[in-house]
Amino acid sequence: MSDTVIQVRDVSMHFNLMEEKVDSIKEYFVKLIKGQLLYNDFVALNHISFDVQKGDILGFVGFNGAGKSTMLKILAGVLKPTSGTVKVKGSVAPLIEVGAGFDPELTARENIYLNGAILGFSKKFIDERFDSIIEFAELRDFVNVPVKNFSSGMYARLGFSIATAVQPDILIVDEVLSVGDFRFQQKCEERIQKMIKDGVTILLVSHDIGMIERLCNKVLWLDHGKMRDIGAVNKICHAYRSV
Ligand SMILES: Nc1ncnc2c1ncn2[C@@H]1O[C@H](COP(=O)(O)OP(=O)(O)O)[C@@H](O)[C@H]1O
Ligand SMILES: [Mg+2]
C-alpha cells in the first residue's frame, strides 16, 4: 500500500523582477507614486503537480535556473507558492543553502545549539548529541571558532551533520554536498544510504547525475519552471543526459 507524504498540486511561483534601473531612493519613490515602476513577472515554477510516497528518493534534475531550489524551498516551507497547494506529512530536515541558519559571528558550538533550536531540539537533546555532531563534521579543533572563518566545505559539513543528527521523516538536500571534498561526500552518501534503508523520504538536488542514479528511485525533470517529466531514474537520467 502506498503512503503519500508529499502532495503538490498545480503549484506556480512568480517573482516580480524590477526591470527599471533607479538611481536613488528618491527616484524610486517618485516613480512608485507616479506608478512608473515596471515590473517583469517572472515564472519560476509553472503549474507543477506530483506526489511523493513514503520512502521515495526523488531526485531533481534540470539546468541552472530551472526552478529546482525554488521547488525545494516551497516544500521546506521557506517560500509560499503564488498559487497551488502543497501538503507535507511528517518532520522535514531542510538542507537548502550552505550557511543558511548559521550566525557567522557565533562559534560552531553556539551555532549547533542555535540550529538545533531552529530544528526544534531541546538543549538536553543536543547536549547528548553534541560530540557526535562535531565528530561527524570533523570540526573537533574548531568548536570555539566563529563560523565566519569557516570554508564553504566546513559550513556544509556542519550543516549536514546537524540536520541529520536526528532521523527526520523527510530529508531535503539541495546541492550542499557538492561543496564538501570527495571523502566527506562519500560519508554523507553513506549516511543517506542508511536513512534510505530506514525508510526516510529524501528529496535530492545534485549536479552529480551519478549520485542521483546511485541514490534515487524516481527523478523529476524541471525545464524553465515546467515539469518536463517524472519517472523511473534510468529513463529520466538517460533522456536528460542526451539533451
Ligand atoms: N528570490 C528570487 N527573486 C527573483 N527571482 C528568483 C528568486 N529566486 C529564484 N529566482 C529565479 O527563479 C529561477 C529559478 O531559480 P532556482 O529555483 O534557484 O533554479 P535552480 O535551483 O534550478 O538553478 C531563476 O531564474 C532565478 O533567477
Ligand atoms: Mg538551485
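Residues numbered from 1 in each chain as written. Chains lettered and ligands numbered in written order. Predicted model: local features only at pLDDT ≥ 70, side-chain atom pairs only at ≥ 80, totals over all residues.

**What to know about the overall build of the protein chain**
For the record, the criterion: Only runs of H or I of at least four residues qualify as helices and only runs of E of at least two qualify as strands under DSSP, and these elements are numbered from the N terminus. Buried, partly exposed and exposed are defined by the number of other C-beta atoms within 10 Å of a residue's own C-beta, namely 20 or more, between the two limits, and 12 or fewer respectively, with C-beta atoms placed from the backbone. Whether two residues are in contact is decided by their C-beta atoms, placed from the backbone, lying within 7 Å.
When its secondary structure is counted, the protein chain shows eight helices and nine strands. Overall, the C-alpha framework of the protein chain stretches about 60 × 50 × 30 Å when taken along its three principal axes. Expressed as a percentage of its 243 residues, the buried residues of the protein chain come to 35%. A fraction of 70% describes how many contacts in the protein chain between residues 6 or more apart in sequence connect residues 24 or more apart.

**Considerations on the site of ligand 1**
Cut-off, in case you're wondering: Near, for a residue, is defined by distance from a backbone-placed C-beta atom to a molecule or strand, with 6 Å as the limit that must not be exceeded. Each residue gets one label: Ala, Val, Leu, Ile, Met, Phe, Trp, Tyr, Cys and Pro are nonpolar, Asp, Glu, Lys and Arg are charged, and the others, such as Gly, are polar.
Close to ligand 1 lie Phe-15, Leu-17, Phe-42, Ala-44, Gly-62, Asn-64, Gly-65, Ala-66, Gly-67, Lys-68, Ser-69 and Thr-70. Sorting the residues of the shell around ligand 1 by element identifies β1 (4–18), β2 (39–53) and α2 (68–76) as the ones contributing at least two each. If you tally residues by element for the shell around ligand 1, the top one is α2, at three residues. When its residues are assigned to classes, the shell around ligand 1 shows five nonpolar, six polar and one charged.

**Here we look at the packing of helix α4 (residues 123–137) against helix α5 (residues 152–163)**
How two helices sit against one another is set out by the angle between their axes and by the gap between those axes. Put simply, the rule is: Here the axes come from fitting lines to C-alpha atoms, over the contacting stretch only for helices, and the angles between their N-to-C directions go from 0 to 180 degrees. Working rule for angles: under 35 degrees goes down as roughly parallel, over 145 as roughly antiparallel, 65 to 115 as roughly perpendicular, anything else as oblique. If you view the pair so one helix is near and one far, a crossing is left-handed when the near helix is turned anticlockwise from the far one by less than a right angle, and right-handed when it is turned clockwise.
Put simply, α4 and α5 touch, their axes get as near as 8 Å, and they point 140° apart. Viewed along their axes, α4 and α5 adopt a mutual orientation that is oblique. Viewed along their axes, α4 and α5 form a crossing whose handedness is right-handed. On α5, the residues touching Ile-133, Phe-136 and Ala-137 of α4 are Arg-157, Leu-158, Ser-161 and Ile-162.

**Topic: the sheet that holds β1**
Let me state the cut-off plainly: Pairing between strands is defined by DSSP: at least two bridges between them are needed.
Taken in spatial order, the three strands make up an open sheet running β2-β1-β4, and their pairing is antiparallel. Only two strands of the sheet have a single neighbouring strand rather than two, namely β2 and β4 (83–88). With direction set aside, neighbouring strand axes in the sheet form an average angle of 25°.

**Notes on unusual backbone geometry**
A positive phi angle is found at Asp-10, which is not glycine, with a value near 55°. Locating Asp-10 in the fold gives a position in strand β1. Although it is not a glycine, His-47 adopts a positive phi angle of roughly 50°. By the element assignment, His-47 lies in strand β2.

**Focus: the sheet that holds strand β3 (residues 57–61)**
Strand order in the open sheet formed by six strands is β5-β6-β7-β3-β8-β9, and the pairing between neighbours is mixed. Edge positions in the open sheet fall to β5 (92–95) and β9 (226–232), since each of these has one partner strand only. Sheet twist, expressed as the mean angle between neighbouring strand axes with direction ignored, is 15°. Across four bridges, the pairing between β5 and strand β6 (residues 170–174) is parallel. The residue bridging Leu-95 from the neighbouring strand is Val-173, located in β6. Where helix α8 (residues 233–241) meets the sheet, its contacts fall on β3, β8 (218–223) and β9, and the angle it forms with β9 comes to roughly 135°.

**What about α2?**
Burial analysis of α2 places seven of its nine residues in the buried class, the great majority of the element. Among all positions in α2, only Lys-68, Thr-70, Met-71, Leu-72, Lys-73, Ile-74 and Leu-75 are buried. Following α2 by one or two positions, Gly-77 adopts a phi angle in the positive range, close to 85°.

**Concerning the environment of Glu-175**
Take Glu-175: it is sitting in the loop between β6 and α6 (182–197). Judged by the 20 C-beta atoms lying within 10 Å of it, Glu-175 is buried. Every residue in contact with Glu-175, bar those within four places of it in the chain, is listed here: Val-205, Ser-206 and His-207.

**A few points about the packing of helix α3 (residues 108–118) against α4**
Put simply, α3 and α4 touch, their axes get as near as 10 Å, and they point 130° apart. Put simply, α3 runs oblique to α4. Crossing of α3 over α4 shows right-handed handedness. The segment α3 lies against α4, with Ile-112, Tyr-113 and Gly-116 engaging Lys-123, Ile-126, Phe-130 and Ile-133. For the contact of α3 with α4, the class distribution of residues is five nonpolar, one polar and one charged.

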